[in-house]
Amino acid sequence: MGNPQAIADALGVELKAFHVSSDFLAAVGSRYEMSQNLLGDKAHTVIFDNTKLKRTVPGFKSEIRFDQGIRMAVSHMLAHPGLQVEDPEFDSWCDKVIAAVEQVRKSLL
């Protein structure tokens, strides 16, 4: 997903990160087709190596850092209200997932 802190910084909000495993989201997120989106190669945190890209396109040079690109993307989205469609049902589902994980964590302490 990139750098969550850079995204929060670009939005000017405090990051309230909450880790939920991909396996758990895939198990409970069938309504949102989580298993196909989260499992497989996306389930592993990695540092991406652009060596292959550099071999394929020798003249390529990234000139925009991630944090700069995020600020540009956020600025674009904020300038286009049509890209700012809320999804209260998904937001509610996310809140329920966090509450469930917290409830299990607290019950095991």
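Residues numbered from 1 in each chain as written. Predicted model: local features only at pLDDT ≥ 70, side-chain atom pairs only at ≥ 80, totals over all residues. Heavy atoms only, no water.

Novice: What am I meant to see in the overall build of the protein chain here?
Specialist: Helix and strand counts for the protein chain stand at six helices and zero strands. Listed by position from the N terminus, the elements making up the protein chain come as α-α-α-α-α-α. By residue count, 11% of the 109 residues in the protein chain fall in the buried class. Expressed as a percentage of contacts within the protein chain between residues at least 6 apart in sequence, the contacts between residues at least 24 apart total 58%. Accessible area of the protein chain: about 9200 Å², with a carbon and sulfur share of 57%. (Helix = DSSP H or I, 4+ residues; strand = E, 2+ residues; numbered from the N terminus. Buried < 20%, exposed > 50% of the residue type's maximum accessible area, 1.4 Å probe, protein only. Contact = heavy atoms within 4.5 Å. Areas by Shrake-Rupley, 256 points an atom, 1.4 Å probe, with all protein chains shown as cover.)

Novice: Looking at this structure, I do not really get the packing of helix α1 (residues 4-11) against helix α5 (residues 66-79). What am I missing?
Specialist: The axes of two packed helices give the description: the angle between them and the distance between them. Relative to each other, α1 and α5 sit at 45°, their axes nearing to 9 Å. Here α5 runs oblique to α1, going by the angle between their axes. With respect to the hand of their crossing, α1 and α5 are arranged in right-handed fashion. Contact with α1, carried on its side by A6, I7, A10 and L11, involves F66, D67, I70, R71 and V74 of α5 and no other residues of that element. (Axes fitted to C-alpha atoms, helices over the stretch in contact; angles between N-to-C directions. Parallel < 35°, antiparallel > 145°, perpendicular 65-115°, else oblique. Left-handed = near helix turned anticlockwise from the far one by under 90°.)

Novice: I would appreciate a short explanation of the packing of aromatic side chains in the present structure.
Specialist: Each aromatic ring pair is described using two quantities: the centre-to-centre distance and the angle formed by the ring planes. Counting across every chain of the model gives one aromatic pair. Their ring planes at 25° and their centres at 5.8 Å tell us that F90 and W93 sit as a pair that is stacked. Of this pair, F90 and W93 both sit in helix α6 (residues 88-107), separated by three residues, roughly a single helical turn. Note on W93: relative accessible area 13%, which makes it buried. (Phe/Tyr/Trp six-rings, centres within 6.5 Å; stacked < 30°, edge-to-face > 60°.)

Novice: Could you clarify how one ought to interpret the pattern of salt bridges in this entry?
Specialist: Oppositely charged side chains can pair when the atoms bearing their charge come close. Tallied over the full model, the rule gives three salt bridges. Of the charged contacts in the structure, one is a salt bridge between R65 and D67, with a shortest N-O distance of 3.0 Å. Between R105 and E102 there is a salt bridge, with the nearest N and O atoms lying 2.8 Å from each other. On the criterion of helical spacing, the pair formed by R105 and E102 is a turn pair, its members being three residues apart in helix α6. (Salt bridge = Lys/Arg side-chain N within 4 Å of Asp/Glu carboxyl O.)

Novice: When you look at the confidence of the model for the protein chain in this model, what are you seeing that I'm missing?
Specialist: Keep in mind that low pLDDT regions are not for reading the predicted coordinates in detail. Of the residues in the protein chain, 86% reach a pLDDT of 70 or more, and the chain-wide mean stands at 85. Summarising per-element confidence for the protein chain, the mean pLDDT is lowest in helix α3 (residues 34-38) (69) and highest in α6 (94). (pLDDT = per-residue confidence, 0-100.)

Novice: Help me understand a nonpolar patch on the surface in this model?
Specialist: Among the surface-exposed residues, L53, V57 and F60 lie close enough to one another that they form a single nonpolar patch of about 230 Å² accessible area. Mapped onto the fold, F60 is located in the loop between α4 (51-56) and α5. (Patch = residues over 30% accessible without salt bridge, like charges linked within 9 Å, V, L, I, M, F, W, Y side chains within 5 Å.)

Novice: I'm lost on a negative patch on the surface in this one. Help?
Specialist: Together, E86, D87, D91 and D95 make up a region of like negative charge exposed at the surface. Among the structural elements, D95 can be located in helix α6. Classification of D95 by relative accessible area gives exposed; the value is 52%. (Lys, Arg positive; Asp, Glu negative; His and termini not counted. Charge placed at Lys NZ, Arg CZ, Asp CG, Glu CD.)

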